[in-house]
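One letter stands for each residue in the lines below.
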Amino acid sequence: QVQLVESGGGLVQAGDSLRLSCAASGRTFSSYAMGWFRQAPGKEREFVVAINWSGDNTYYADSVKGRFIIVRNNARNTVLLQMNSLKPEDTAVYYCAAGKITSVTTMTSPHSYDYWGQGTQVTVSS
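Novice: Can you walk me through the overall build of the chain in this structure?
Specialist: Along its length, the chain carries zero helices and 11 strands. N-terminal to C-terminal, the α/β element order of the chain is β-β-β-β-β-β-β-β-β-β-β. Taking 14 Å as the expected radius of gyration for a compact globule of 126 residues, we find that the chain reaches 13 Å, a close match to that expectation. Over its C-alpha atoms, taken along the principal directions, the chain stretches across nearly 40 × 30 × 25 Å. Burial analysis of the chain (126 residues in total) assigns 39% to the buried set. Within the chain, contacts between residues separated by at least 24 positions form 58% of all contacts whose residues are at least 6 apart in sequence. When the 11 positive and 9 negative side-chain charges of the chain are each reduced to one mean point, those points stand 6 Å apart.

Analysis parameters
- Residues numbered from 1 in each chain as written.
- Predicted model: local features only at pLDDT ≥ 70, side-chain atom pairs only at ≥ 80, totals over all residues.
- Heavy atoms only, no water.
- Helix = DSSP H or I, 4+ residues; strand = E, 2+ residues; numbered from the N terminus.
- Rg over C-alpha atoms; globule rule 2.2 N^0.38 Å.
- Buried < 20%, exposed > 50% of the residue type's maximum accessible area, 1.4 Å probe, protein only.
- Contact = heavy atoms within 4.5 Å.
- Lys, Arg positive; Asp, Glu negative; His and termini not counted.
- Charge placed at Lys NZ, Arg CZ, Asp CG, Glu CD.

This is the structure we're talking about:
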């Protein structure tokens, strides 16, 4: 019931900032938890951050805590990922995902999400 499209990726230098956007279609968007994942070449898909359906609870990976911020706007059907102080290790394809997740302990697993965007490339040079 949900389609997701990411945008905002690009090539930046270490220390720069980027803002990623996930645009969703579907009237049930507000009932889903939303997450951002990333995948670098030769690596497994990695959890970045998630936000619950109401937007009042967020969960960040330790690697991005203090640098990245997630915000959702259910009225606009969008989720934003503000990325600051970018590092070369942040280079990856970034995916947004949606899922009807009821347990906090499963929010970091990509297997818990039902819908995925096609991804947007973020490249950070040193």
